[in-house]
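Chain by chain, the residues:
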Amino acid sequence: MPIRLLSSEVSSQIAAGEVVERPASVVKELLENALDAGAKSVSIAIVDAGRTLVEVADDGCGIPAGELELAAARHATSKLVKSDDLFHIRTLGFRGEALASIGSVSRMTIASRTASAKEGARLKVDGGVAGKVEKIGAPAGTTVRVENLFYNVPARLKFLKADATERRAIDALTTRYALAYPNVRFKVTDGKQVTLQTAGDGDRRAVLAALYGVEVARQMLAVMDGEENIALTGFISPASLTRSNRREITFFVNGRWVQDFSLTAALLQAYHTLLMVGRYPLTALFLDLAPEDVDVNVHPTKAEVRFRNQDRVFSFVQRAARKALLAYSPVPSVSPQLWGSRSAPTEKREISVDWSVGHDHVEGETLNVERLNNESQPSHLQPSSLQTPTFHAVPLLRLIGQVGSTYIVAEGPDGLYLIDQHAAHERVLFEKLMAQHERKNIPSQALLAPEVVTLPPQSAKALTPQLPFLNRFGFEVEEFGVNAFQVRAMPALFAGGDPASALRALVEDFEEDETPLQAELEAKLAARVCKRLAVKGGQTLSAEEQRALLHDLEACSSPRACPHGRPTMIHLSVDALERQFGRRGPR
Ligand code: ADP
Ligand code: MG
């Protein structure tokens, strides 16, 4: 084929591809424009996950009628004049491309009025073809209506994911901007339903509560730290509040939501040793630095940025987050090794430490040696897990007492057992629940007063279709208005447990595109609820309760690890005791 110049229609669709990938991209661009316009209130209407309609209405500065055509033209912006300005960007937009791009792949209507104008004006752009500017009556501010996205680019339409997924992307975006701009009132509607609403009163923790629920918001730790030309504010979760993926790690840089690998890495380093493997914190962190210290013009949708002094930013974020974490809780960490070797440093001979974890002594069962040999860890450090439920029982244990309101000390035929009450209780609840489930008979118990639980919009949406599952598991839950559920009964096993945390445990980790609560996931989800409702470390138990827990644990088929694979107990054998006290020589 000979070389030809592309028609303006084709070239603008190519450009649009960079900016407008899915309905959420439209929401992002329009939202950023509204914020740049100084809006105090932004209303977003979505229909069919944004395929049929995305409309963003703001009360910002408005566009003068005479500039309306330009606003919709490519490379037209009011936010930048000379190339040098690119290095001092204080607005979210600056490329002058969004409206042109969106207009080329949809039917777009811009209606706007500036505060000083008597009349408003309207411009329609249909598949990149602009009509005439018309005078209309309009409130001060701007409303951009985007209908039938990609109607003229069927190939793009095919790439869109299921409505639920596209909708989740929109929710993820709007909720984050609501957090970043607590002084702006946000309202998101889907048909008649209001799915997100914030007060715009500057209270960021209240926005957190609207998104994640009151309980999570209450636990989040405030971060507020600054040095010359750099500041970090916002919230991070304590080490006890985690997710199974990084999706709730949110960073804003100068008011812009970014996905930055090094910021995430700095944050995770702050949590070093505090989190279990595969667990991640939730954060809403806002990094502010001088505009000249950050290059925002490195990515078409501005989702990535580049820092002038990468190392400084990294270590600042790491220190600030760590400080917030430690202010909240000094890290308790006495490993069995440390404890056992207390006397070792002054001694010449190495005394081996025989606190052992997991299934060290195999009573009556043959361990699959081949499997263990394939693993890099020594066999006694391999706790059993959900997938390998057949390990030997624990012997009969005699209760000695509780240590630090967290561990139960007991004596067995071969020495001393130290039991983590939380992990042990998790295991007990889990096995009882699954046994009842297998018998298809989970006794449930009505709550004295039904409890209404409000969930963040995404979670509510994930939970709704799965209510039958909950009912199979002994819950009685029904929808109760927008994003709210009424819990009327719980499995009798969890009597007295908090219904709200049970529901949250079920929905907290849904993966994108995961169809939650399917049969093969039932055990995993049951384990989650058990974890949430098991007694916690730090809770004093009566001797009776301790004894009951030991007894229940003895009855478990896999008593040595919790359903998530953490050990429930460590064991100090008589033999090891004698070595430690020098009654016998080292091995
Ligand atoms: P950019 O935001 O990069 O400047 P856009 O294509 O998004 O490019 O918008 C072009 C111009 O239209 C903006 O520079 C701004 O002047 C004007 N504009 C767009 N949306 C709004 C709005 N909601 N309120 C006021 N002005 C707007
Ligand atoms: Mg813009």
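Model, not experiment: these values are computed from the prediction. (Residues numbered from 1 in each chain as written. Chains lettered and ligands numbered in written order. Predicted model: local features only at pLDDT ≥ 70, side-chain atom pairs only at ≥ 80, totals over all residues. Heavy atoms only, no water.)

1. A look at the overall build of the protein chain
Right, on to step 1. Tallying secondary structure elements over the protein chain gives 19 helices and 24 strands in all.
Right, on to step 2. Out of the 587 residues belonging to the protein chain, those deemed buried represent 49%.
Right, on to step 3. When contacts within the protein chain are restricted to residue pairs at least 6 apart in sequence, those whose partners lie at least 24 apart make up 69%.
Right, on to step 4. When the accessible surface of the protein chain is totalled, it reaches about 28,700 Å², and 54% of it is carbon and sulfur. (Helix = DSSP H or I, 4+ residues; strand = E, 2+ residues; numbered from the N terminus. Buried < 20%, exposed > 50% of the residue type's maximum accessible area, 1.4 Å probe, protein only. Contact = heavy atoms within 4.5 Å. Areas by Shrake-Rupley, 256 points an atom, 1.4 Å probe, with all protein chains shown as cover.)

2. Focus on helix 9 (residues 261-270)
Right, on to step 1. Within helix 9, burial applies to S262, L263, T264, A266, L267 and A270.
Right, on to step 2. Where helix 9 is buried, its residues meet strand 11 (230-236), strand 12 (249-253), strand 13 (256-258), strand 14 (283-289), strand 16 (306-307) and helix 10 (310-328).

3. Notes on the side chain of S104
Right, on to step 1. Checked against the element boundaries, S104 lands in helix 4 (residues 98-104).
Right, on to step 2. Since its relative accessible area comes to 2%, S104 is described here as buried.
Right, on to step 3. Not counting residues up to four positions away in its chain, the partners in contact with S104 are S12, Q13, A16, G127, G128 and N152.

4. Description of the confidence of the model for the protein chain
Right, on to step 1. For the protein chain, the average pLDDT comes to 81, and 86% of its residues sit at 70 or higher.
Right, on to step 2. Predicted confidence for residues 329-392 stays below pLDDT 50, and this span has 92 contacts to residues more than four positions away or in other chains. (pLDDT = per-residue confidence, 0-100.)

5. Some thoughts on the pattern of salt bridges
Two side chains with opposite charge may pair up if their charged atoms get near one another.
Right, on to step 1. Applying the stated criterion to the full structure yields 24 salt bridges.
Right, on to step 2. Of the charged contacts, one joins E166 and R22 as a salt bridge, the two residues approaching to 2.9 Å between their closest N and O atoms. Remark: R22 occurs in the loop between helix 1 (8-19) and helix 2 (23-36) and E166 occurs in helix 6 (residues 163-180); sequence separation between them is 144 residues.
Right, on to step 3. Notably, a salt bridge pairs R547 with E544, separated by 3.1 Å at the nearest N-O pair. Linking R547 with E544, this pair stays in helix 18 (residues 543-554), spanning three residues, or about one helical turn.
Right, on to step 4. On the basis of relative accessible area, R547 is assigned to the partly exposed category, the value being 43%.
Right, on to step 5. Through salt bridges with shared partners, a single ionic network connects R167, D171, D190 and K461. (Salt bridge = Lys/Arg side-chain N within 4 Å of Asp/Glu carboxyl O.)

6. Re helix 18
Right, on to step 1. Taking 1.5 Å as the rise per residue, helix 18 with 12 residues should run 16 Å; its terminal C-alpha atoms sit 17 Å apart, in good agreement.
Right, on to step 2. Residues of helix 18 that are buried sit in contact with strand 18 (398-403), strand 19 (407-412), strand 20 (415-420), helix 13 (421-438) and strand 24 (569-572). (Expected span 1.5 Å × (residues − 1).)

7. Points about the packing of helix 13 against helix 17 (residues 522-533)
Right, on to step 1. In the contact formed by helix 13 and helix 17, the axes pass within 8 Å of each other and the chain directions differ by 135°. Between helix 13 and helix 17, the interaxial angle falls into the category oblique. Crossing angle aside, the handedness with which helix 13 passes helix 17 is right-handed. Facing helix 13, whose interface residues are H422, H425, E426, L429, F430, L433, M434 and H437, helix 17 presents E522, A523, A526, A527, C530, K531 and L533.
Right, on to step 2. Tallied by class, residues from the contact of helix 13 with helix 17 come to nine nonpolar, three polar and three charged. (Axes fitted to C-alpha atoms, helices over the stretch in contact; angles between N-to-C directions. Parallel < 35°, antiparallel > 145°, perpendicular 65-115°, else oblique. Left-handed = near helix turned anticlockwise from the far one by under 90°. Nonpolar A, V, L, I, M, F, W, Y, C, P; charged D, E, K, R; others polar.)

8. A look at the site of ligand 1
Right, on to step 1. Taken together, 20 residues surround ligand 1, and among them N33, T77, S78, K79 and G96 come closest.
Right, on to step 2. Side-chain polar atom of T77 to an oxygen atom of ligand 1: 2.6 Å apart, as the coordinates give it.
Right, on to step 3. Contacts to ligand 1 include A98, whose backbone N or O atom sits 3.2 Å from an oxygen atom.
Right, on to step 4. Contact with the protein chains hides 92% of the accessible area of ligand 1, taken as 530 Å² for the molecule alone.
Right, on to step 5. Elements that contribute at least two residues to the shell around ligand 1 include exactly helix 2 and helix 4.
Right, on to step 6. Along the lines of polarity and charge, the residues of the shell around ligand 1 split into nine nonpolar, seven polar and four charged. (Near = heavy atom within 4 Å. Polar contact = N/O pair within 3.5 Å; in protein donor to acceptor, adjacent residues only side chain to side chain.)

9. As for a nonpolar patch on the surface
Right, on to step 1. Judged by side-chain polarity, L6, V10 and I14 come together as a nonpolar surface patch covering roughly 280 Å² of accessible area.
Right, on to step 2. Residue position: L6 is located in the segment before helix 1. (Patch = residues over 30% accessible without salt bridge, like charges linked within 9 Å, V, L, I, M, F, W, Y side chains within 5 Å.)

10. Quick word on the packing of helix 2 against helix 6
Right, on to step 1. Their axes nearest at 8 Å, the elements helix 2 and helix 6 cross at an angle of 20°. If you check the angle between helix 2 and helix 6, you find them roughly parallel. Two packed elements cross with a definite hand, and for helix 2 against helix 6 that hand is right-handed. Contacts from P23, A24, V27, K28, L31, E32 and L35 of helix 2 reach helix 6 at E166, A169, I170, L173, T174 and Y177.
Right, on to step 2. Class assignment of the residues belonging to the contact of helix 2 with helix 6 gives a composition of nine nonpolar, one polar and three charged.

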